[in-house]
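For reference, the chains in residue letters:
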Amino acid sequence: MRLTCALALALAASLACVAQASAAVTVSPLNGTPDASPRAQISFLGVPASEIHDVSVVGSRSGRHSGRLKSYVTAPGASFLPSRGFAQGEHVTASARVGSGAHAQRVSTGFTVAVPSDYPPEYGQPSDLHEAALEQSFASAPALHPPSVFVSADSPEATPGDVFITPSHGYGQNGAMIVGGQGQLVWFQPVPAGYTAADLQVESYKGQPVLVWWQGRVANNLGVGFGEDEVYDDAYEHVATIEAGNGYRADLHEAQITPQGSAFITAYTLIDANLSALGGSSHGILQDAVLQEIDVPTGLVMFEWHAYGHVELRYSHTRPSSTGRPWDFFHVNSVSFDPSGDGDFIVSSRNMWAAYEVDRVSGSVLWSLGGADPSFKMGAGTGFAWQHDVRWQPDGTLTIFDDGATPKEHSQSRAIREHIDWHNRSVSLVGRDVHSPPLLAGSQGNDQVLADGDSFVGWGEAPYFTEFNASGQTLFDARLPTPGESYRAYRFAWGATPAAPPAVAVKPSSATAASVYASWNGATDVSAWRVLAGETPASLAAVASAPASGFETEIGVESAASEFAVQALGSEGQVLGSSAAVAR
């Protein structure tokens, strides 16, 4: 959301008056970037590839670079892919003639290539906590062992829909998980051993609802992730994998698919830096936060923003280490686009205790909310610390999950909503939700505003997720077993029919009786199960049926048959899916 030129100048001389200069083409790495990747591509966003000519890329040490242009699918533009990398520490100038005829113009950028650090990330060990009451197991789906979910409040006034979480660091497997209002499992996708999942939510891609989540390895010594974002359709089939470009790995903190089909993701890079002016080493390591827009169909980088060079290091609430540990001065943990539709966005910086509005074209910071140098007078209760998940709302307010730790700054975490008075340059608190009993989350968390105005709050490191109404009353409250956690938590309406068939298992109880177990991971419309039995898979006939009960339904049958299968039935008795036959 932009300020007028007069207001921007009144706020601070350093705030750019972007209304006076509206370049049609954004060139990344952005001009002045101090730590671009040696493997950077040159991105020209905002003009068709057919109108990009005479590309020139010259490194101060590596000289002139040849390469090729590759077009974006989701927006006008193309990336110039150099045929070789850049030299560490050199300055690069890149330009191209864009447009056609009399409207053609030269656009350019200049950036410095980073000297990457070889500091090794330390990955945590997978959880090895097992207790029957705290994790789930299923006869028909023996590979699934999600943690149990305990619901302590579920009011009839709670918003309909399922709950989307990513359990980790506790009992059972890490993974992406959907549960119903009573805590019953709907769908679970475990991640590989040693991996973590984060930020499972429903988004839209090519006009269709999709599941999006991050999975990868979390570096405990850096507090960030190295992985990729997965996109699956409502049949739970793989649609796309979103990877970071320019040599980076996608971080766990954000993945937002745009209506056009691109995606904004976060990444991190470690670079050698002189930190002596801030009490660190002259040969220190800076952990920089990177935001990229990725053209999902091609994987090309369309836009790239670095916190380093846009926000002063001295404003950080952390300080460089004297032991050689990387300095995470910024720590981006959310990105949210303006409701105005101008393309600008707000980024949350945990370690600055601030959120920054960023110009979509130039990458400059337009104003800051909170932090050491706020652009507005912060009213009573509007200050936040170590926050997470700053989001624009359609009415122009901002929601913030205010962790308040670690280190501890507040007595409890809270989900707050703030309003900016642009005329008076002030911020007021318009909403506040807290858990009872109080919770203090050291990291993660979110506040999702639902369509009916309720708030669905994930408490991050504290393993709870809660729905509040507009009056702050708790309508729904549930938790994972301690010490589990979920990066964020959401509630969405979700309907799905898996492409994979239902699963079945049989446990004989006598020569003429057996228990049949039926499940269909992710199915949302199963009302009942029908059991088929026979001496061969080709001779199966119905022998029993039962209403669906939770993720797995147990059905007792009187049959001495050798082969069994199940059919999932809809509300009108129609067959939704059939399992393969299994031997008794």
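You'll find the structure just up there.
A brief structural summary. None of these values were measured; they are calculated from a predicted model.

## Some thoughts on the packing of aromatic side chains
Part 1: Per the counting criterion, the structure on display carries 28 aromatic pairs.
Part 2: Look at F303 and F345: their rings are 6.2 Å apart centre to centre, the planes differ by 80 degrees, and that puts the pair in the edge-to-face class. Within this pair, whereas F303 is found in strand 20 (residues 300-306), its partner F345 is found in strand 22 (residues 345-349), the two being separated by 42 residues in sequence. As far as the burial class goes, F303 and F345 line up, both buried.
Part 3: Among the aromatic residues, those joined into a cluster by ring pairs are F164, W187, W213, Y232, Y236, Y490, F492 and W494.
Part 4: Between the NZ or CZ atom of R491 and the centre of the ring of F476, over which it lies, the distance is 4.8 Å.
Part 5: The ring of Y517 carries the charged tip of K507 above its face, separated from the ring centre by 5.4 Å.

## Some details on unusual backbone geometry
Part 1: Put simply, S436 and P437 share a cis peptide bond, and its omega is 0 degrees.
Part 2: Secondary-structure assignment places P437 in the loop between strand 29 (426-433) and strand 30 (446-449).
Part 3: Unusually for a residue other than glycine, W353 sits at a positive phi of about 55 degrees.

## Concerning the environment of T74
Part 1: You can see T74 is positioned in the loop between strand 5 (67-71) and strand 6 (77-82).
Part 2: For the pair T74 and A263, spaced 189 residues apart in sequence, the C-alpha to C-alpha distance is 9.8 Å.
Part 3: In this structure T74 touches Q260, G261, S262, D295, P297 and M302, once residues within four positions along its chain are discounted.

## So, the sheet that holds strand 2 (residues 42-45)
Part 1: Taken in spatial order, the four strands of this open sheet run 1-2-6-5, and their pairing is antiparallel. Each of the sheet's edge strands pairs with one partner strand only, and the pair in question is strand 1 (26-28) and strand 5. Put simply, the sheet's adjacent strands are angled 15 degrees from each other on average, direction ignored.
Part 2: Relative to strand 2, strand 1 runs antiparallel, the two sharing three bridges. Its bridge partner lying in strand 2, T26 is registered against L45.

## With respect to the nonpolar core
Part 1: In terms of nonpolar packing, the biggest core is built from 39 residues, with W305, F330 and V347 touching the most fellow members.
Part 2: Every element with two or more residues in this core is listed here: strand 15 (224-232), strand 18 (262-273), strand 19 (284-295), strand 20, strand 21 (332-337), strand 22 and strand 23 (354-358).
Part 3: Per element, the largest residue contribution to this core is five residues, and it comes from strand 18.
Part 4: Look past the residues within four positions of V347 in its chain and what remains in contact with it is L291, W305, F330, V332, S334, V335, A354, A355, Y356 and V358.

## Some remarks on the side chain of T382
Part 1: With respect to the helices and strands, T382 occurs in the loop between strand 25 (377-378) and strand 26 (388-392).
Part 2: By relative accessible area, T382 is classed as buried at 0%.
Part 3: Here the side chain of T382 touches G379 through a polar contact of 2.6 Å, landing on its backbone oxygen.
Part 4: Among all residues touching T382, those that are not within four sequence positions of it are R414, I416, E418, V427, S428 and L429.

## Some details on the side chain of H306
Part 1: Mapped onto the secondary structure, H306 falls in strand 20.
Part 2: A polar atom in the side chain of H306 sits 2.9 Å from the side chain of D35.
Part 3: In this structure the side chain of H306 is engaged in a polar contact, spanning 2.7 Å, whose partner is the side chain of E304.
Part 4: In contact with H306, not counting residues within four places along its chain, are T33, D35, A36, Y248, D288, A289 and V290.

## With respect to the pairing of strand 38 (residues 541-547)
Every other side chain in a regular strand lies on the same face of the sheet, so the side chains alternate between the two faces.
Part 1: Strand direction decides the pairing type here: strand 37 (residues 528-534) and strand 38, joined by six bridges, are antiparallel. Considered in strand 38, the bridge of R530 is made with S545.
Part 2: Counting the residues that bridge the hairpin from strand 37 to strand 38 gives six residues.

## Re the sheet that holds strand 3 (residues 52-59)
Part 1: Strand order in the open sheet formed by four strands is 4-3-7-8, and the pairing between neighbours is antiparallel. Two strands in the sheet have a free side with no partner beyond their single neighbour: strand 4 (63-64) and strand 8 (105-112).
Part 2: Note: strand 3 against strand 4, two bridges, orientation antiparallel. Within strand 4, the residue paired with G59 across the bridge is G63.

## A short note on the pairing of strand 22
Part 1: Buried residues dominate strand 22, accounting for five of its five residues.
Part 2: Burial along strand 22 is two-sided: F345, V347 and S349 and I346 and S348, pointing in opposite directions, are all buried.
Part 3: Relative to strand 22, strand 21 is paired through five bridges, and the arrangement is antiparallel. Bridge pairing in strand 22 links S334 to S348.
Part 4: As defined by bridge partners, strand 22 adjoins strand 23 across five bridges and the pair is classed as antiparallel. Its bridge partner being in strand 23, I346 is matched across the sheet by E357.

## Topic: the environment of Y490
Part 1: Inspection of the secondary structure puts Y490 in strand 34 (residues 485-492).
Part 2: Note: C-alpha distance between Y490 and T196 (294 residues apart in sequence) is 18 Å.
Part 3: Other than its neighbours up to four places away in sequence, Y490 contacts D162, V163, F164, D199, L200, Q201, N446, Q448 and F456.

## Digging into the environment of P192
Part 1: Counting through the fold element by element, P192 comes out in the loop between strand 12 (185-190) and strand 13 (196-205).
Part 2: Judged by its relative accessible area of 43%, P192 is partly exposed.
Part 3: For the pair formed by P192 and L300, sequence separation is 108 residues and the distance between their alpha carbons is 27 Å.

## Observations concerning the pattern of salt bridges
Part 1: Enumeration according to the criterion identifies 12 salt bridges in this entry.
Part 2: Close ionic contact of R488 with E254 constitutes a salt bridge, the shortest N to O distance being 3.3 Å. Residue R488 is located in strand 34, and its partner E254 is located in strand 17 (residues 250-257); the two are separated by 234 residues in the primary sequence.
Part 3: Exposure remark for R488: the relative accessible area of 1% places this residue in the buried category.
Part 4: Taken together, the shared-partner salt bridges in this structure form one network comprising D199, E254, D389, R391 and R488.

Reading the values: the criteria
- Residues numbered from 1 in each chain as written.
- Predicted model: local features only at pLDDT ≥ 70, side-chain atom pairs only at ≥ 80, totals over all residues.
- Heavy atoms only, no water.
- Phe/Tyr/Trp six-rings, centres within 6.5 Å; stacked < 30°, edge-to-face > 60°.
- Helix = DSSP H or I, 4+ residues; strand = E, 2+ residues; numbered from the N terminus.
- Buried < 20%, exposed > 50% of the residue type's maximum accessible area, 1.4 Å probe, protein only.
- Lys NZ or Arg CZ within 6 Å of the ring centre and 35° of its normal.
- Contact = heavy atoms within 4.5 Å.
- Pairing = 2+ DSSP bridges.
- Axes fitted to C-alpha atoms, helices over the stretch in contact; angles between N-to-C directions.
- Core = buried A, V, L, I, M, F, W, Y, C linked by side-chain atoms within 4.5 Å.
- Polar contact = N/O pair within 3.5 Å; in protein donor to acceptor, adjacent residues only side chain to side chain.
- Salt bridge = Lys/Arg side-chain N within 4 Å of Asp/Glu carboxyl O.

Keep in mind these values describe shape, not function.
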